[in-house]
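# Per-entry structural report
The lines below spell out each chain.
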Amino acid sequence: MQTLLIAAMLMPLLALLGGCADALDAQARSAHALKVRDALNDYEKAPSSAPLDRCVKAKLVALAYEDAREPASASAWRARETADCQAAAMAAGVKPPPLAGE
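The structure displayed is predicted, hence computed values, not measured ones.

To continue, consider the overall build of the chain. Scanning the chain from terminus to terminus reveals 3 helices and 0 strands. Along the chain direction, N to C, the helices and strands of the chain fall in the order α-α-α. When each of the 102 residues of the chain is scored for burial, the buried share is 18%. Within the chain, contacts between residues at least 6 apart in sequence are counted, and of these 41% link residues at least 24 apart.

Within the structure shown, the criterion is met by 5 salt bridges. The salt bridge partner of Lys59 is Glu81, with a shortest N-O separation of 3.3 Å. Here Glu81 lies in helix H3 (residues 71-91) and Lys59 lies in helix H2 (residues 51-67), a separation of 22 residues in the sequence. By relative accessible area, Lys59 is classed as partly exposed at 35%. Classification of Glu81 as buried rests on a relative accessible area of 11%. The salt bridge involving Arg78 is made with Glu81; its shortest N-O contact spans 2.8 Å. Here the residue Arg78 and the residue Glu81 both occupy positions in helix H3, the gap between them amounting to 3 residues, near one helical turn. Relative accessible area serves as the criterion here: at 24%, Arg78 is assigned to the partly exposed category. Where salt bridges share partners, they join Lys59, Glu66, Arg78 and Glu81 into one cluster.

Time to look at the side chain of Glu81. Within the local environment of Glu81, its side chain forms a polar contact with the side chain of Lys59, the two groups lying 3.3 Å apart. Separated by 2.8 Å, the side chains of Glu81 and Arg78 make a polar contact.

Our next topic: the state of the cysteines. What we call a disulfide is simply a covalent bond connecting the sulfur atoms of a pair of cysteines. Per the counting criterion, the structure on display carries 1 disulfide. The disulfide partner of Cys55 is Cys85, and the gap between their sulfur atoms is 1.8 Å. Measuring the twist about the S-S bond at about 80 degrees, one finds the Cys55-Cys85 disulfide to be right-handed. Here Cys55 is found in helix H2, whereas its partner Cys85 is found in helix H3, with 30 residues between them in sequence.

Another aspect to go through is the nonpolar core. Residues Val36, Ala39, Tyr43, Ala58, Val61, Ala62, Ala64, Tyr65, Ala68, Ala74 and Trp77 constitute the largest nonpolar core, which totals 11 residues. Not counting chain neighbours up to four residues away, the residues in contact with Trp77 comprise Leu40, Tyr43, Ala58, Val61, Ala62 and Tyr65.

This part is about the confidence of the model for the chain. For the chain, mean pLDDT is 83; residues scoring 70 or higher make up 75% of the total. For the chain, helix H1 (residues 2-45) is the element with the lowest average pLDDT, namely 75, and H2 is the one with the highest, namely 95.

Analysis parameters
- Residues numbered from 1 in each chain as written.
- Predicted model: local features only at pLDDT ≥ 70, side-chain atom pairs only at ≥ 80, totals over all residues.
- Heavy atoms only, no water.
- Helix = DSSP H or I, 4+ residues; strand = E, 2+ residues; numbered from the N terminus.
- Buried < 20%, exposed > 50% of the residue type's maximum accessible area, 1.4 Å probe, protein only.
- Contact = heavy atoms within 4.5 Å.
- Salt bridge = Lys/Arg side-chain N within 4 Å of Asp/Glu carboxyl O.
- Polar contact = N/O pair within 3.5 Å; in protein donor to acceptor, adjacent residues only side chain to side chain.
- Disulfide = S-S within 2.5 Å.
- Core = buried A, V, L, I, M, F, W, Y, C linked by side-chain atoms within 4.5 Å.
- pLDDT = per-residue confidence, 0-100.

Below, the structure is given as structure tokens:
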């Protein structure tokens, strides 16, 4: 009997904590979305005449998508990062390192 009473008293508390978890998840999604948006804005502001800057900023976008647990977008930005970093190496007159599998 006492166990049922304790369980009945804990139910509203557990429901409240469940709501907190939902709110926390929403806050985390919002923070990740803001981080992705800021990284994308920074990438778009990087001048095409500064290939090293675009390389670094593409990496930051890819990392932001990885943190947001969006693997498809992260993979696409990893490909863009590779292309931008190869362009930066060529602009600097440096031979880029071989890609994985080469």
